[in-house]
Amino acid sequence: MPDSGWVDDEAAARSGTISIQDTTARKNLLLLIQLRWIAVFGQVATIAYVHYWLGIALPLAQMGMVVVFLLLLNALSLLRYWRSGSVSNTGLFLEMLLDVAALTLQLYLSGGASNPFVFLFLLQVILGAVLLKAWSVWSIVAITSACFVLLTFFYRPIATDMHHGSAFLTMHIHGMFICFVLAACLLVFFITRINRNIGARDQRLAELRQQSAEEDLIVRMGLLASGAAHELGTPLSTLSVILNDWRRMPQFKDDPELAQELSAMQGQLTRCKTIVSGILMSSGEARGEGTVRTTVNGFLDGLVAEWSESRPSTQVKYRNMVAPDQPIVSDIALKQVLFNVLDNAFDVSPHWIELTAMRNNGHVVIAISDAGPGFDNEMLAEFGRPYRSSKNRTGSGLGLFLVVNVLRKLGGSVTAANRPEGGAIVTLTLPLAALSAKSVAHGD
């Protein structure tokens, strides 16, 4: 069977449309559907072999109706799988009960408890023990046991003359062997798949727990940044007043060198105040100016120009191949994300940086390259983890950590690699839908 449904479930779970538990239950329902297809094929093959090859008369019409019932049940189950967002324990329990009912009918029509395939009841019990809750499993045990007992009293005898001969015993042993091999193969195959479902669920839960812990860290960092911005406001204002007073003093006005240094100091102070204002805007404490309606090319062109202006000595090779252009809504957080990556590249490669942007299947892909020493293997393995950095400074690594998490919130991704010619390349992939005005308006 194709695995496309499994991929769709993973995508749905990542998008939040269904829970992880529901995703696992849907995969298990798909396994039951696959098992039912095998059961239909196996019943048709067995009935044909016994009736036409061994010459034992069977009620083909009645047994064929059971097969048709299984086909219809599978069609309805597939329809439910594609249309329903969740599958409950009760739903899986009812699916297995219908399978037990179909098996009981087939056994009733072909010798009852003397049919060697009666041990397929155990297959239902074992699958139930893996898939269902405790009360459901014990219900399956009770129901299959009752069916076994009833089949010893109520059944349609097989029309054959071999009931008491060695030929019948041999045929019965052969049937038991086939039943054993079939049940063993099915159990190994499906239990392996079910365990894989459970492993994928546990891994996804671990990822969500890690993501939750990282988001808590981001919240704390945002609160600290906002508090620091408030605290820095007063000394920056004081410095601004002092510098303005100095510029009016004769001993500074009459000395061109001192006047130039004061202008440079005033410029750096203005930049600090702009950074503080940006921190407050990104935390939602400004006048609502955090978001800007622009286009992809307008955003990227303005961002590169602004960043390059403060670092005139850096050669930035900028290639914008985004076409066609598209309106977006950007905010200061997205802008700061790219500034962080550019700043990291500048730290290791102050004289050459390359930024390439292109459009690819509804995404904008931004690649930032440098000519530095590149990443070591340990850094690549832990890229984006907090406090993981090649810089020997306290608190290093938070910039890339924020980059990864901001893009993850937007549905994008960040990858890092070393360039064959030397240096590193960090690639940011952003879905354009997440940056659209409609998406922002709906809070997506």
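The shown structure was predicted, so the numbers you read here are calculated from the model rather than taken from an experiment.

Asks: How would you explain the confidence of the model for the protein if you had to name every residue and give the values?
Replies: Taken residue by residue, the protein gives an average pLDDT of 77. The fraction at 70 or more is 78%. Between residues 438-444, whose pLDDT stays under 50, and residues either more than four places distant or in other chains, the model counts five contacts.

Asks: Outline the pairing of strand 7 (residues 424-431), supporting the account with residue identities and numerical values.
Replies: The buried fraction of strand 7 amounts to seven of the eight residues, a majority that puts the element mostly inside the structure. Looking at chain direction, strand 5 (residues 363-370) and strand 7 are connected through seven bridges and run antiparallel. By the bridge assignment, V365 is partnered in strand 7 with T429. Between strand 6 (residues 413-418) and strand 7, which follow one another and run antiparallel, lie five residues, and G422 among them has a positive phi close to 110 degrees.

Asks: Kindly report on the pattern of salt bridges, identifying the contributing residues and their values.
Replies: In total, this model carries eight salt bridges according to the counting rule given. Here D245 and R248 are joined by a salt bridge, their closest N and O atoms 2.6 Å apart. Of the two residues, D245 and R248 both sit in helix 7 (residues 166-248), three residues apart, roughly one turn of that helix. Between R419 and E421 there is a salt bridge, with its nearest N and O atoms 2.6 Å apart. One connected set of salt bridges, linked through shared partners, spans R36, R80, E95 and D99.

Asks: Talk me through the packing of aromatic side chains; I want residue IDs and the actual numbers.
Replies: Under the criterion given, the structure shown has two aromatic pairs. Judged by centre distance (6.1 Å) and plane angle (80 degrees), the ring pair of W307 and F346 falls under edge-to-face. You can see W307 sitting in helix 10 (residues 296-309) and its partner F346 sitting in helix 11 (residues 332-348), a full 39 residues away along the chain.

Asks: Can you break down the nonpolar core residue by residue, with the values?
Replies: Formed by 34 residues in total, the largest nonpolar core has its most connected members in L300, I366, I368 and L428. Mapped by element, the contributors of at least two residues to this core are helix 10, helix 11, strand 4 (352-360), strand 5, helix 13 (398-409), strand 7 and helix 14 (432-435). Per element, the largest residue contribution to this core is seven residues, and it comes from helix 11. Once you skip the residues sitting within four places of it in the chain, I366 turns out to touch L300, L338, L355, T356, A357, V426, T427 and L428. Counting 23 residues, the second largest nonpolar core, distinct from the first, contains L30, L92, F93 and I140.

Asks: Quick rundown of the side chain of E95? Include the residues and the values.
Replies: Topologically, E95 is positioned in helix 4 (residues 89-108). Beyond its immediate stretch of four places on either side in the chain, E95 contacts L29, L32, R36, L73, S77 and R80.

Criteria and cut-off values
Residues numbered from 1 in each chain as written. Predicted model: local features only at pLDDT ≥ 70, side-chain atom pairs only at ≥ 80, totals over all residues. Heavy atoms only, no water. pLDDT = per-residue confidence, 0-100. Contact = heavy atoms within 4.5 Å. Buried < 20%, exposed > 50% of the residue type's maximum accessible area, 1.4 Å probe, protein only. Helix = DSSP H or I, 4+ residues; strand = E, 2+ residues; numbered from the N terminus. Pairing = 2+ DSSP bridges. Salt bridge = Lys/Arg side-chain N within 4 Å of Asp/Glu carboxyl O. Phe/Tyr/Trp six-rings, centres within 6.5 Å; stacked < 30°, edge-to-face > 60°. Core = buried A, V, L, I, M, F, W, Y, C linked by side-chain atoms within 4.5 Å.

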